[in-house]
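Structural characterization, general
Now for the letters of each chain:
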Amino acid sequence: MASVVVTRRHDLTDAQWAAMEPHLPAVSGKGRPPKWSRRQLIDGIRWRIRTGAPWRDVPACYGHWFTVYRLFRRWQRAGEWTRILAGLQACADAAGKIGWTVSVDSTIVRAHQHAAGARRDGHLQKEPPAGAGGEPADHGLGRSRGGLTTKTHLACEQGRKLLAAVVTAGQRGDSPQFIAVLGRIRVARVGGGRPRTRPDLVLADRAYGY
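Residues numbered from 1 in each chain as written. Predicted model: local features only at pLDDT ≥ 70, side-chain atom pairs only at ≥ 80, totals over all residues. Heavy atoms only, no water.

Turning our attention to the packing of aromatic side chains. Summed over the entire model, instances satisfying the criterion amount to seven aromatic pairs. Seen from their ring centres, tryptophan 65 and phenylalanine 66 are 5.6 Å apart, and the 80° between their planes marks the pair as edge-to-face. A relative accessible area of 21% places tryptophan 65 in the partly exposed class. For arginine 196, the ring lying beneath its charged end belongs to tryptophan 100, and the centroid distance is 4.1 Å. (Phe/Tyr/Trp six-rings, centres within 6.5 Å; stacked < 30°, edge-to-face > 60°. Buried < 20%, exposed > 50% of the residue type's maximum accessible area, 1.4 Å probe, protein only. Lys NZ or Arg CZ within 6 Å of the ring centre and 35° of its normal.)

Bringing helix α3 (residues 65–78) into the picture now. Here α3 spans 20 Å end to end across 14 residues, near enough to the 20 Å set by a 1.5 Å rise per residue. Among all positions in α3, only Thr67, Val68, Leu71, Phe72, Arg73 and Trp75 are buried. Buried-residue contacts for α3 involve α2 (38–51) and α4 (80–94). Two residues or fewer past α3, glycine 79 is found with a positive phi of approximately 80°. (Helix = DSSP H or I, 4+ residues; strand = E, 2+ residues; numbered from the N terminus. Expected span 1.5 Å × (residues − 1). Contact = heavy atoms within 4.5 Å.)

Moving on to the pattern of salt bridges. Counted according to the given criterion, the structure contains five salt bridges. For lysine 151, the salt bridge identified is with aspartate 174, shortest N-O distance 3.1 Å. Taken as a pair, lysine 151 in strand β3 (residues 147–156) and aspartate 174 in the loop between β4 (162–169) and α5 (178–183) lie far apart in primary sequence, 23 residues in all. Side by side, lysine 151 and aspartate 174 carry an identical accessibility label, which is buried. (Salt bridge = Lys/Arg side-chain N within 4 Å of Asp/Glu carboxyl O.)

Glancing now at α2. Helix length check: α2 (14 residues) gives 20 Å between terminal C-alpha atoms against 20 Å at 1.5 Å per residue, within 8%. If you check which residues of α2 are buried, you get Arg39, Leu41, Ile42, Asp43, Gly44, Ile45 and Trp47. Looking at the buried residues of α2, the elements they touch are α1 (14–20), α3 and α4. Of the residues flanking the end of α2, it is glycine 52, one or two places downstream, whose phi is positive at about 75°.

So, about the environment of valine 167. Mapped onto the elements of the fold, valine 167 is located in strand β4. Residue class for valine 167 comes out partly exposed when judged on its relative accessible area of 42%. Along the backbone, valine 167 and histidine 139 are 28 residues apart, and their C-alpha atoms lie at a distance of 8.9 Å.

To continue, consider the confidence of the model for the protein chain. When the pLDDT values of the protein chain are averaged, the result is 85; 85% of them are 70 or greater. Overall, residues 1–6 carries pLDDT values under 50, and its contacts beyond four positions in sequence, including any with other chains, amount to six contacts. (pLDDT = per-residue confidence, 0-100.)

Here you go:
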């Protein structure tokens, strides 16, 4: 595909798209040619995730909002986003772009007000809410003084890129999740073989000393 006009300063550059495109699922040759390119739709998904806006507010330059959402949801349920990330990480590690001094920390996120009262039998919905990896039994929701909260535990390399994540209820402690989040680090190797799972060094604050 030819270069596209960058409509937002955070859209994929030509170099970024060239690195990402080989890892995308194969295009089906059936049906009518798509009205919007994959690059437009993926930039639309990235715009929505970055801003947190409703799907219906995705700018028209990225394609129809429902087409953007449908691509995101279809790849989420099929596990494609996980495979794309794994492919990009493997190439980055082979190029020496991953710094294996890993930082571990967590952040608490206040749940949306509509999180309260959600149906308990979500798996019986026409379209279950979870993607390919499922979701925690408690839906990652916990109660604290501020109400419903979720805690995200992250392991990042020195380029500030994500290597692993664990989602728990907001009241869960940091230290018990230390091994869990490190255990999810798996960076594949381009030439095959076992994925790399062990950092050279791990940085963490005193909450993990317990």
